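Read off the chains here:
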Amino acid sequence: MDKLHTRNKKAIELYKEAQSLDHVGNYYKSYNLLLDALKRDDSFDEAILLTHQILIKRGELEKALQLYDEYVEEVDQQFKNRMLADAAYALFSEGKYEQAKNLKDQIEGRVVGLDAALFEIVTSSIDYALEGSANPRNIDFEKLPAPLNNRPQQYFPSITASGLLVYTVRYNQGRGDENLFFSQKDGEAWSQPLEISEKINTDRNEGTASISADGNTLVYTGCNAPDGLGSCDLYISYREGSDWSKPRNLGKAVNTIHWESQPSLSQDGRELYFVSARPNGEGGQDIYKSTKQNGKWMEAVNLGPSINTRFDDCSPYIHPNGVNLFFASRGRLGFGGYDLYETEQLGQGEWSEPKNLGYPINNHRNQVGYTISIDGWAYYSDNLFDGTSSLYRFKLPDDLIPKQLVGYKQGLVLSAADSTPLFSEIYVADIAKDSIRSRTYSDFEGGRFNLVLPKVEDANLYVKKRGYLLYKEEVDVLWENGNEATIYLQPIKKGEKLILNDILFELNSAELSKKATKELDIVVDFLKDNPELLIEIGGHTDTSGEEAYNLNLSTERAKSVLNYFVNKGLPKETFVYKGYGETMPIEEGISPKNRRIEVSILDIK
């Protein structure tokens, strides 16, 4: 505002002092100064507008509306419009959509000093909220029962596939303001909440955590730590039996000197979504993503304008299917405050148009800190006006449940030699799509694992541990009798074989198909973990061709596999290859199982 609408020097002096006090949040002294300024010039437009705004900040909206009525004939139209806009926004923020629309519809022409984009979002949202609240979803909100909600403030829940709930508790009892707690769901009951670990909770603040769906990885926000890069950084810890590893700062690939918080981990703990206030984004707070490759977190990338707006976007939650992302935003059509939206990953870095979750899931208050269980329950915290916050949940409506569902399996990995529990790496590969769809680890204390995987056909499970033969079985076969299975790993010894009947070739060809490479890559990892092995690659065919032709074809196919291994960095001298043609069938007749590659252990160096 270059030129003020008054010539009274004392009124200008009082107004400028009131402006300075307003900027530091002293709304009471500034208000009194403005009243004094208006006594000196009651047509001072800027002073009238600032008085109106300060009354709104003080929570005295009715008094602000009375001030508008008192001065409506005195102020220029652009100031009148700004007072209407500010009051409409205040009413909208209280969920009084009808009253907000009545004021908004009176605005004509320019609105002084108001961001055009923000004005467009608010005015459009008033109409959107009025229509949406008139057609509410049928939602039952449930407060989580005792022994949960046993403290004045608990918030930002995160839940695993097995029902382990991790959340933040704020309290002042000698160990800092914020700490992480957990409780295990058993049917409809919950265990007594406990602090997550002495290795994680300190006398500083630890909060806003995300636990991976398999329960093996935890990322949380730690503030003002000695190894911090900024005020609040993201830290990572891994499950070690019944406890957690010493937390580690995620480093400069993820953290900056600015604020980072609100993490969300993918189901296998290899993708991390989080919020940062770093500059050069789309707006204020933006959502970022980092991916773990070869044990290292990659440089975080902004999700871009399809997700982030020029206003604040936060509270990401990536569904265990790895496709659907839920997040909160102040920069889109909504019902006031932060609203929840859902989007679907279409491809690398591409997302569908975010969809508002609707009323009453969204209302005029802030909706942040949501997590969704694999059976479709949304867990969240609700902040009350008295400063308390409690944990709640509701069942997602059918149209909001992700189309790409996930399954949950449990298992036990034991040594076939003596039934001792084994710590091992577990993969699920989608053979049809040549991709790893899920990855987890068994617990070294008990050998137990929780596996979250997309519901796909033609999926194999692989279990890998140094010193043991690579295990392979079809997912549907392994869990055909329920959701629990025991897997026995065979110690590596001379003469053991690994049968690879998903190593496919084109008809009458020794060229590897695209579908073959994912399984071969898993075998490559197994062989790199066990470099002391001397291996024979054996090729086998069915009886659909001439015997001599099949023998030659099987030899060429075994050679193709050898070449693939060598190209992946394995030493050629550790292999021999041989074709067996149709001479060693494992099923009678022309069976696909006879067309296979076998990796046999000839010796151990």
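Scroll up a little and you will see the structure.
So, here's what we can say about the structure. The structure presented is a predicted model; accordingly, all values stated were derived computationally and were not measured. (Residues numbered from 1 in each chain as written. Predicted model: local features only at pLDDT ≥ 70, side-chain atom pairs only at ≥ 80, totals over all residues. Heavy atoms only, no water.)

1. Here's the deal with the state of the cysteines
Rules: Put simply, a disulfide is two cysteine sulfurs that come within 2.5 Å. Under the scheme applied here, a residue whose accessible area is under 20% of the maximum for its type counts as buried, over 50% as exposed, and between as partly exposed, the area being computed with a 1.4 Å probe on protein chains only.
Applying the stated criterion across every chain yields a total of 1 disulfide. There is a disulfide in this structure between Cys223 and Cys232, and the S-S distance comes to 2.0 Å. Between Cys223 and Cys232 the sulfur-sulfur dihedral comes to about 105 degrees; the bridge is accordingly right-handed. Considered together, Cys223 and Cys232 belong to a single accessibility category, that of buried residues. Left without a disulfide partner, Cys314 is nearest to the cysteine sulfur of Cys232, which lies 15 Å away.

2. Describing the sheet that holds strand β35 (residues 596-604)
The following threshold applies: The pairing criterion for strands is at least two bridges between them, as found by DSSP. Secondary structure elements are taken from DSSP: a helix is a run of H or I of four residues or more, a strand is a run of E of two residues or more, and numbering for both begins at the N terminus. The axes are straight lines fitted to the C-alpha atoms, using for helices just the contacting stretch, and the angles between their N-to-C directions are given from 0 to 180°.
Read from one edge to the other, the open sheet built from 4 strands follows the order β32-β35-β33-β34, with strand pairing classed as mixed. A single partner strand is all that each edge strand has here, and the edge strands are β32 (497-500) and β34 (575-579). Ignoring strand direction, the axes of neighbouring strands in this sheet form an average angle of 20 degrees. Bridge analysis of β32 against β35 gives 4 bridges, and the strand direction is antiparallel. By the bridge assignment for β35, Leu498 is matched with Val599.

3. A few points about the packing of aromatic side chains
The following threshold applies: Only rings of Phe, Tyr and Trp enter the pairing, Trp through its six-membered ring, and a pair is recorded when the two centres are within 6.5 Å. The plane angle decides the type: under 30 degrees is stacked, over 60 is edge-to-face, the rest tilted. Geometrically, a lysine NZ or arginine CZ counts as sitting over a ring once it is within 6 Å of the ring centre and also within 35 degrees of the ring normal.
Applying the stated criterion to the full structure yields 19 aromatic pairs. Here Tyr380 and Tyr392 contribute two aromatic rings whose centre-to-centre distance is 5.8 Å and whose plane-to-plane angle is 25 degrees, an arrangement assigned as stacked. Within this pair, whereas Tyr380 is found in strand β23 (residues 377-383), its partner Tyr392 is found in strand β24 (residues 389-395), the two being separated by 12 residues in sequence. For the pair Tyr380 and Tyr392, one class covers both residues: buried. Note that Arg58 overlies the ring of Tyr31, its terminal NZ or CZ placed 4.5 Å from the centroid.

4. Looking at the side chain of Asn308
So the rule is basically this: Polar contacts, as counted here, are pairs of nitrogen or oxygen atoms within 3.5 Å of one another; within protein the pair requires one atom able to donate a hydrogen and one able to accept it, and residues that are adjacent in sequence qualify only if both atoms are side-chain atoms. Note on contacts: a residue pair is in contact if any heavy atoms of the two residues lie within 4.5 Å.
Here Asn308 is to be found in the loop between β16 (301-302) and β17 (313-318). Polar contacts involving the side chain of Asn308 include one to the main-chain amide nitrogen of Ile287, which spans 2.8 Å. The residues touching Asn308, leaving out its near neighbours within four places in the chain, are Glu282, Asp286, Ile287, Asn302, Leu303, Asp313 and Arg332.

5. Examining empty space enclosed by the protein
Heads up, the rule is: With a 1 Å grid laid over protein atoms only, a set of points is called a cavity when a 1.4 Å probe fits there but cannot get out and a pocket when it is open yet has protein on both sides within 12 Å along at least five of seven lines; lining residues have an atom within 4 Å of a point. Grid points are joined across faces, edges and corners, and a volume is the space filled by probe spheres set on the points. Only Asp, Glu, Lys and Arg are considered charged in this grouping, and only Ala, Val, Leu, Ile, Met, Phe, Trp, Tyr, Cys and Pro are considered nonpolar; every other residue, Gly among them, is considered polar.
For the structure shown, the criterion picks out 3 cavities of 30 Å³ or more. Reported here for the largest cavity is a volume of approximately 130 Å³. Lining the largest cavity are 14 residues; nearest its centre among them are Pro157, Ala209, Pro263, Pro316 and Tyr370. Only β2 (153-159), β7 (205-211), β12 (260-265) and β17 provide two or more residues apiece to the lining of the largest cavity. Taken together, the residues of the lining of the largest cavity break down into 7 nonpolar, 7 polar and no charged.

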